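Reading the structure
One letter stands for each residue in the lines below.
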Amino acid sequence: MTTEASRLLAPDTLPDTPPPPRWAVWVAHAVPLIALPSTLWRLAMTVGVPVGYSEAVLRSDYGLPGTGYLVLPAISLLQEGAALMTLGLVRPWGEVVPRWIPLIGGRPVRTWAAVTAALLGAAFMTALTVSQAIVWDSVDGGNLRGTHRAVMGWLYMPLLLWGPLLTVVALNYAARRRRTPGSRRA
């Protein structure tokens, strides 16, 4: 453990959890990367890059110009923020809350809480992305066609991996954090 990481953790709660395997670290880092293409497409649309929608569709469906300038970046930030939370399952801040966080800093992360949140998130993302893939042919009521539609599909398709990848990392986290004799973790 690095000096910086040990400084962020309370001395009496330094984890005795085995480090994550290299594959779990790679998978956890893949989640924010698979969320990135759809985020960039949404942001491109917000700043006026032509993505194939008519001005009327941008105005009526996406609030551009108007509230879409706030809503679309907010959705993008939330999406990337949620994806980045996967890293907590393979980093020290997923075992002990960093000290700089008010009220709970320095406290151990409850294994059941982290795993439950991750698995619920994985189930939600799987249900959402699979349901959207099933109705893909009716998405946007035909407002997006040809190359633009294909590009959007290719940029959103990686999101289908989010739920399964998060599940795998969460299960590895649960296995590593399993209660051992003498452990004070809950």
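Overview of the structure. Predicted, not measured: the structure shown is a model, and the values here were computed from it.

Focus: the pattern of salt bridges
Using the criterion set out here, one finds one salt bridge in the structure. Linking Arg 176 and Glu 95 is a salt bridge whose minimum nitrogen-to-oxygen distance equals 3.8 Å. One end of the pair, Arg 176, is in helix α7 (residues 162-176); the other, Glu 95, is in the loop between α4 (68-84) and α5 (111-134), with 81 residues separating them in the sequence. Comparing Arg 176 with Glu 95, the two get one shared label, buried.

Observations regarding a nonpolar patch on the surface
Together, Val 130, Ile 134, Val 135, Trp 154, Met 157 and Leu 160 make up a nonpolar patch on the protein surface, roughly 580 Å² of accessible area in all. You can see Met 157 is positioned in the loop between α6 (146-156) and α7.

Side note on the packing of aromatic side chains
Per the counting criterion, the structure on display carries three aromatic pairs. Where Trp 41 meets Tyr 156, the ring centres are 5.8 Å apart and the plane angle is 80 degrees; that geometry is what we call edge-to-face. Highlighted residues: Trp 41 in helix α2 (residues 22-46) and Tyr 156 in helix α6, separated in sequence by 115 residues. For Trp 41, a relative accessible area of 6% gives the class buried. Take Tyr 156: its relative accessible area is 23%, and that puts it in the partly exposed class. The interplanar angle of 40 degrees and the centroid separation of 5.1 Å between the aromatic rings of Tyr 53 and Tyr 62 together place this pair among those described as tilted. In this structure an aromatic cluster arises from ring pairing among Trp 41, Tyr 53, Tyr 62 and Tyr 156.

About the criteria used
Residues numbered from 1 in each chain as written. Predicted model: local features only at pLDDT ≥ 70, side-chain atom pairs only at ≥ 80, totals over all residues. Heavy atoms only, no water. Salt bridge = Lys/Arg side-chain N within 4 Å of Asp/Glu carboxyl O. Helix = DSSP H or I, 4+ residues; strand = E, 2+ residues; numbered from the N terminus. Buried < 20%, exposed > 50% of the residue type's maximum accessible area, 1.4 Å probe, protein only. Patch = residues over 30% accessible without salt bridge, like charges linked within 9 Å, V, L, I, M, F, W, Y side chains within 5 Å. Areas by Shrake-Rupley, 256 points an atom, 1.4 Å probe, with all protein chains shown as cover. Phe/Tyr/Trp six-rings, centres within 6.5 Å; stacked < 30°, edge-to-face > 60°.

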